[in-house]
Amino acid sequence: MKPAPFEYLAPTSVGEAIAALQEFDGEAKILAGGQSLMPMLNMRLARPGLVVDLRRVADLDYIDERGGRLAIGAMTTKRTVERSAAVQTGQPLLHAATVSIGHPQIRNRGTVGGSMAQADPAAEYPAMAVALQATLKVVGPGGERTLDAEDFFVTYLTTALEPGEVLTELNVPVFDTKNGWGFSEIARRHGDFAMAGAAVTLTLDDSGCCAEPRIALFGVGATPVRPRTTEDSIRGQRPSEALCQAAGKQVSEEIDEPLSDVHASADYRRNLAGVMARRALADAMRRLGADIASTA
Amino acid sequence: MTALVQIQLTVNGTSHEAHVEPRTTLADFLRSQLALTGTHLGCEHGVCGICTILVDGRAVRSCLMLAVQADGSEIMTVEGLGGADGKLHPIQEAFIEEHGLQCGFCTPGFLIAIYELLKDNPSPDDAEILDVLGGQICRCTGYQSILRAVHSAAAKLGAAGA
């Protein structure tokens, strides 16, 4: 038995969970799938006074198609997302990000809401959400609010969630053949956190030039990072291998100094960020019909 | 010590009622309170996969679950894999025949992870097997013999089911 002692509550409603969070005023932690919180408890990096387990809260496990978007309940597991036909056909970038997370044995427990609220800067889901312009539904004592993913991630392991709030839903657009996308990451071992990665979305305008390029990098900053100068220089250009190469180089130059740790130096991460962006961008262009070699 | 919580769960077909401290992991509960020491513990933070068990049909890390979270669940550990008469499961037989283990410390986790794989996908290809084996760490066998054991077990189970 490794965790420090804590009180335990498994409420049956979000309202009950919020009341408990308020009562413990910042000393409570929400337990969703436990694939991040449990290691932190086992290593005593987290010592909450109360653990609020959401497993008995009904209606947080769903994938619904609503008005051209997918609404996904916070307690939906990664395994459910990965096996959902609606996700496989409607949101392939979400699918690609999901199967890149850990291992099947981790995805069997890990949840959509857990990954978002954990906000690990090296994790796949926050970058995926930023690339997709996802929205997040949050319920608190004052009622419900909806946040853009880009405003949700504040810094390392820190979100815009207030201590009394519960994340209840992720909402992403449904893609069709006009939506290009790419997802690329690199880790020391299969299933590890990425040293760096990139999620890209792209559409083309009527003349076949790049419109609305979005690049979200992970593993290189405190939150998902958008290299906006690079995005600007892609916009209006015709898809090509040379454009991908130039964009990758520009990403490496543009980003702030990445984290340096035992897994990768800052310089290496800077280089990887450019390579991952280049590959994801090339995949996005290829999916939109551009003739680009797979080595781009 | 915090107040004990009452839980009820089914392990390898036997129903159990117990009182646990909230901080007790499911792995520790199985080993210490139910004396099911076939489930081994390695890293205790979700990386090595040695403690993998089946919870409601899904292979999960028992070190990354609290016993209280398993209230109402159906669990299978490595002790539930073979027959009550001591007969080994075809996956276990395949491990012996293909030398899928040396010291055996990691083997319970491998067996359960592979059990889930073959339940969902009776004839997986190498890539599908490696995706699952990637979540389990073995320090001595080398993974090729385990890969062969999975193929062999799939063939045995396929033949038994036909």
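These numbers come from a predicted model, not from an experiment.

Please give an account of the overall build of chain B that cites residues and values.
Scanning chain B from N- to C-terminus turns up five helices and five strands. In chain B, the succession of helices and strands from N to C terminus is β-β-α-β-β-β-α-α-α-α. For 162 residues, the compact-globule formula gives about 15 Å, and the C-alpha radius of gyration of chain B, at 16 Å, lands near that figure. Its C-alpha atoms give chain B principal-axis dimensions of about 50 × 30 × 25 Å. Residue burial in chain B is summarised as follows: out of 162 residues, 46% are buried. Counting contacts in chain B only where the partners sit at least 6 residues apart, residues at least 24 apart contribute 59% of the total.

Would you mind going over the nonpolar core in detail, with residue names and values included?
In this structure, Leu93, Met128, Ala199, Val200, Leu217 and Ala277 of chain A together with Ile114 of chain B are the most contacted members of the largest nonpolar core, which totals 136 residues. Element by element, the count of residues in this core is highest for helix α12 (residues 266-287) of chain A, at nine residues. When sequence neighbours within four positions are dropped, the list of residues in contact with leucine 93 of chain A reads Met128, Ala131, Leu132, Trp181, Phe183, Ala199 and Thr201 of chain A.

Report on α12 of chain A, specifying residues and quantitative values.
In this model, α12 of chain A (22 residues) spans 31 Å end to end at C-alpha, consistent with the 32 Å of a helix rising 1.5 Å per residue. At the exit of α12 of chain A stands glycine 289 of chain A, carrying a positive phi of roughly 100 degrees.

An account of the sheet that holds strand β12 (residues 196-204) of chain A is needed here, citing residue identities and associated values.
All names here are of chain A. Spatial ordering of the open sheet is given by β11-β12-β13, a layout of three strands whose pairing is antiparallel. Unpaired on one side and paired on the other, β11 (180-186) and β13 (210-218) mark the two borders of the sheet. Taken pair by pair, the neighbouring strands of this sheet meet at an average axis angle of 10 degrees, ignoring direction. In this structure, β12 lies alongside β13, joined through seven bridges in antiparallel fashion. Paired with valine 200 across the bridge in β13 is isoleucine 215. Set on the sheet, helix α8 (residues 124-131) makes contact with β11, β12 and β13; between it and β13 the angle comes to about 160 degrees. This element, α12, spans β11, β12 and β13 of the sheet and lies at about 150 degrees to β11.

Let's hear about the interface of chain A and chain B: which residues, and what values?
Facing the 24 residues of chain A at the interface are 27 residues of chain B. Mapped onto the side of chain A that touches chain B, the elements with two or more residues apiece are β1 (7-9), α2 (37-42), β3 (50-53) and α6 (104-107) of chain A. Here the side of chain A that touches chain B is built from residues that sort into 11 nonpolar, eight polar and five charged.

Can you tell me about the sheet that holds strand β10 (residues 166-173) of chain A, naming the residues and giving the values?
All names here are of chain A. Read from one edge of the open sheet, five strands run β4-β5-β10-β6-β7, paired in antiparallel fashion. If you trace the sheet from one side to the other, it starts and ends with β4 (63-66) and β7 (143-148), each paired once. Looking at each pair of strands side by side, their axes are set apart by 25 degrees on average, direction ignored. Relative to strand β5 (residues 69-73), β4 runs antiparallel, the two sharing four bridges. Opposite glutamate 65, over in β5, you have leucine 70 as the bridge partner.

Can you break down the packing of helix α4 (residues 126-133) of chain B against helix α5 (residues 143-161) of chain B residue by residue, with the values?
Residues and elements named next belong to chain B. Relative to each other, α4 and α5 sit at 120 degrees, their axes nearing to 11 Å. The angle between α4 and α5 places the two elements in the oblique class. The two elements α4 and α5 meet at a crossing, and its hand is right-handed. On α5, the residues that touch Asp126, Ile129 and Leu133 of α4 are Tyr143, Ile146, Leu147 and Val150. Among the residues making up the contact of α4 with α5, the classes are represented as six nonpolar, no polar and one charged.

Requested: an account of the pairing of β13 of chain A, with residues and values cited.
The element β13 of chain A is largely enclosed, with a buried count of seven among its nine residues. Hairpin connection, β12 of chain A to β13 of chain A: the antiparallel pair is bridged by five residues, and glycine 208 of chain A has positive phi, about 85 degrees.

Describe the packing of helix α11 (residues 241-254) of chain A against α12 of chain A, listing the residues and the values that go with them.
Residues and elements named next belong to chain A. Put simply, α11 and α12 touch, their axes get as near as 7 Å, and they point 150 degrees apart. Between α11 and α12, the interaxial angle falls into the category roughly antiparallel. As α11 packs across α12, the resulting crossing turns out to be right-handed. From α11, Cys244, Gln245, Ala247, Gly248, Lys249, Val251 and Ser252 reach across to α12, where they touch Arg270, Asn271, Ala273, Gly274, Val275, Ala277, Arg278, Leu281, Ala282 and Met285. Across the contact of α11 with α12, the residue classes break down as nine nonpolar, five polar and three charged.

Thresholds, definitions, all that
Residues numbered from 1 in each chain as written. Chains lettered and ligands numbered in written order. Predicted model: local features only at pLDDT ≥ 70, side-chain atom pairs only at ≥ 80, totals over all residues. Helix = DSSP H or I, 4+ residues; strand = E, 2+ residues; numbered from the N terminus. Rg over C-alpha atoms; globule rule 2.2 N^0.38 Å. Buried ≥ 20, exposed ≤ 12 C-beta atoms within 10 Å, placed from the backbone. Contact = placed C-beta atoms within 7 Å. Core = buried A, V, L, I, M, F, W, Y, C linked by C-beta atoms within 7 Å. Expected span 1.5 Å × (residues − 1). Pairing = 2+ DSSP bridges. Axes fitted to C-alpha atoms, helices over the stretch in contact; angles between N-to-C directions. Nonpolar A, V, L, I, M, F, W, Y, C, P; charged D, E, K, R; others polar. Parallel < 35°, antiparallel > 145°, perpendicular 65-115°, else oblique. Left-handed = near helix turned anticlockwise from the far one by under 90°.

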